[in-house]
Amino acid sequence: MTQETAKLVIRNIGQILSGKLEQPILDGDCIVALDGKISAIGYEKDLDTDQPTTLVDANGVTLAPGLIDSHVHPVIGDYTPRQQQLNWIDSCLHGGVTTMISAGEVHAPGRPKDIVGLKAMAIASQRWYENFRPSGVKMYAGAPVLEEGMEEQDFKDLADAGIKLLGEVGLGSVKTGETAQKMVKWARKYGIQSTIHTGGPSIPGSGLIDKDIILEADADIIGHINGGHTALPDDQITCLCESCTRGIEIVHNGNERAGLLAMRTAFELDQPERVILGTDSPAGSGVQPLGILRMIAMLSSLGDIPAEIAFCFATGNTARMRELDTGMIEEGMSADFILIDSAQHAPGKNMLESIHQGNLPGVGMTVIDGIVRSARSRNTPPAARLPFVVEQ
Ligand SMILES: [Zn+2]
């Protein structure tokens, strides 16, 4: 063990959720991470746990991958001008979110809509979140909003400058399927992933994007398929699920009934791996520090699916679709974890059952890149048992 290697050992884990649909619960009571990456998963007696730089006793609680919010609208640092709120990202960390993906920095006051300006803002946004992670949360940002007049060279320029995401297609002046399709193709050609707005207008200035535009545009992810807020009619939602194989994103700031319909349709198609979760915050509905946990509890309870499956929607499914090295408990992945337990006095014989009954778990600790970032959540209901740092 060299002096400079950071070794995290988490022992006495009660249950490990993998984030992977094919095997959502793993055997083991211990995880080891070296320099921020998972190096071993199993039983403490079988693993090399000597000389940790940080030793955590999980106290019998559940370890899950850090949650991923697939749809946020950040602007700068840990401040959102949308509702004039500070520290919203830190609040979400206390709700178990360790990674966020921007669907466009659309709330920037005076957002440039000319092409050189929108490219400059996207590149600057990508940089400032790469250089500054609020409370350690990984924010993938720098997601330009498409405007009329963009040419193939613009997408190449953006990709060359490190841009990997488009903002929601439809939030700018590009609103026809034909133009959107052309630009989404250029983006894909240069390795930039795309999401499209789905449903009625979100706020004054945005517009309706219906199933015909979405299918023609063929973006990688059907952004907030349950509307943000206004959902499409049910027949259009099922048609979108059935007519393509793109990501089915369900958000907190959408229509919950439509979200359940989209999830059930994905299961009927035997394609649950397409379901991913976001909050679509900050927005008119504000920010939701517990939004992803609430989506997990809502889909598990009202949709009647096992809670460990619902966790996969917010972890491994999103990581695979977004090509991230997090969201799964697997050797080599980033050591991004949450330690959670039943909330105090929650019904159900264990945490998964209490979530399946519609209750939120309590977050007891978060870990990002192998570093403990927060202890008992200030936002969730208090967990019955709490993990603790034994030595550091
Ligand atoms: Zn939207």
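If you're wondering where the values come from, they're calculated on a predicted model, not measured in any experiment.

What follows concerns the overall build of the protein. When helices and strands are counted, the protein shows eleven helices and 20 strands. Taking 392 residues into account, the globule formula puts the C-alpha radius of gyration at 21 Å, and the protein, at 20 Å, falls close to it. For the protein, buried positions account for 55% of its 392 residues.

What follows is about the sheet that holds strand β8 (residues 67-72). By way of backbone hydrogen bonds, the strands of a sheet pair with one another, either parallel or antiparallel. One open sheet accounts for three strands, arranged β8-β11-β12; its pairing is parallel. In this open sheet, the two edge strands, each paired with only one partner strand, are β8 and β12 (138-140). Recorded for the sheet is a direction-independent mean angle of 20° between the axes of neighbouring strands.

Ranked by internal contacts, the top residues of the largest apolar core, which has 116 residues, are A262 and I296. In this structure, this core is formed jointly by two domains, domain 1 (7-64 + 328-391) and domain 2 (67-289), each of which donates at least three residues. Excluding residues that lie within four positions of it along the chain, A262 makes contacts with I225, N226, I237, C241, I248 and I250.

Now for helix α7 (residues 256-268). With 13 residues, α7 extends 18 Å from end C-alpha to end C-alpha; this agrees with the ideal 18 Å at 1.5 Å per step. For α7, every residue scored as buried is listed here: A258, G259, L261, A262, M263, T265 and A266. Those residues of α7 that are buried are in contact with α6 (234-243), β15 (247-251), β16 (275-278) and α8 (291-302). Among the residues trailing α7, D270 stands out with phi positive, at a value near 60°.

A few words on the packing of α6 against α7. As a packed pair, α6 and α7 sit with axes 9 Å apart at the nearest point and diverge in direction by 35°. Taken as a pair, α6 and α7 cross one another with a handedness that is right-handed. Residues D234, I237, T238 and C241 of α6 pack against A258, L261, A262, T265 and A266 of α7. For the contact of α6 with α7, the per-class residue count stands at six nonpolar, two polar and one charged.

The subject of this paragraph is unusual backbone geometry. Cis geometry marks the peptide bond from G228 to H229; its omega dihedral reads 5°. With an omega dihedral of -10°, the bond running from S281 to P282 counts as a cis peptide bond. Inspection of the secondary structure puts P282 in the loop between β16 and α8. With a phi angle near 60°, N87 is a residue other than glycine that sits in the positive phi range. Position of N87 relative to the elements: it lies in the loop between β10 (85-86) and α1 (88-93). Residue N87 is classed as partly exposed on the basis of its 17 C-beta neighbours within 10 Å. Despite not being glycine, D270 shows a phi value in the positive range, around 60°.

To continue, consider the domain arrangement of the protein. For the protein, the assigned domains read domain 1 (7-64 + 328-391) and domain 2 (67-289). Relative placement of domain 1 and domain 2: their C-alpha centres are 29 Å apart. Taken together, the contact pairs 14 residues of domain 1 with 14 residues of domain 2. Those elements that provide at least two residues to the side of domain 1 that touches domain 2 are β17 (337-342), β18 (361-368) and β19 (371-374). Here the residues of the side of domain 1 that touches domain 2 are counted per class, giving six nonpolar, five polar and three charged.

Calculation rules
Residues numbered from 1 in each chain as written. Predicted model: local features only at pLDDT ≥ 70, side-chain atom pairs only at ≥ 80, totals over all residues. Helix = DSSP H or I, 4+ residues; strand = E, 2+ residues; numbered from the N terminus. Rg over C-alpha atoms; globule rule 2.2 N^0.38 Å. Buried ≥ 20, exposed ≤ 12 C-beta atoms within 10 Å, placed from the backbone. Pairing = 2+ DSSP bridges. Axes fitted to C-alpha atoms, helices over the stretch in contact; angles between N-to-C directions. Core = buried A, V, L, I, M, F, W, Y, C linked by C-beta atoms within 7 Å. Domains from an automatic or database assignment. Contact = placed C-beta atoms within 7 Å. Expected span 1.5 Å × (residues − 1). Left-handed = near helix turned anticlockwise from the far one by under 90°. Nonpolar A, V, L, I, M, F, W, Y, C, P; charged D, E, K, R; others polar.

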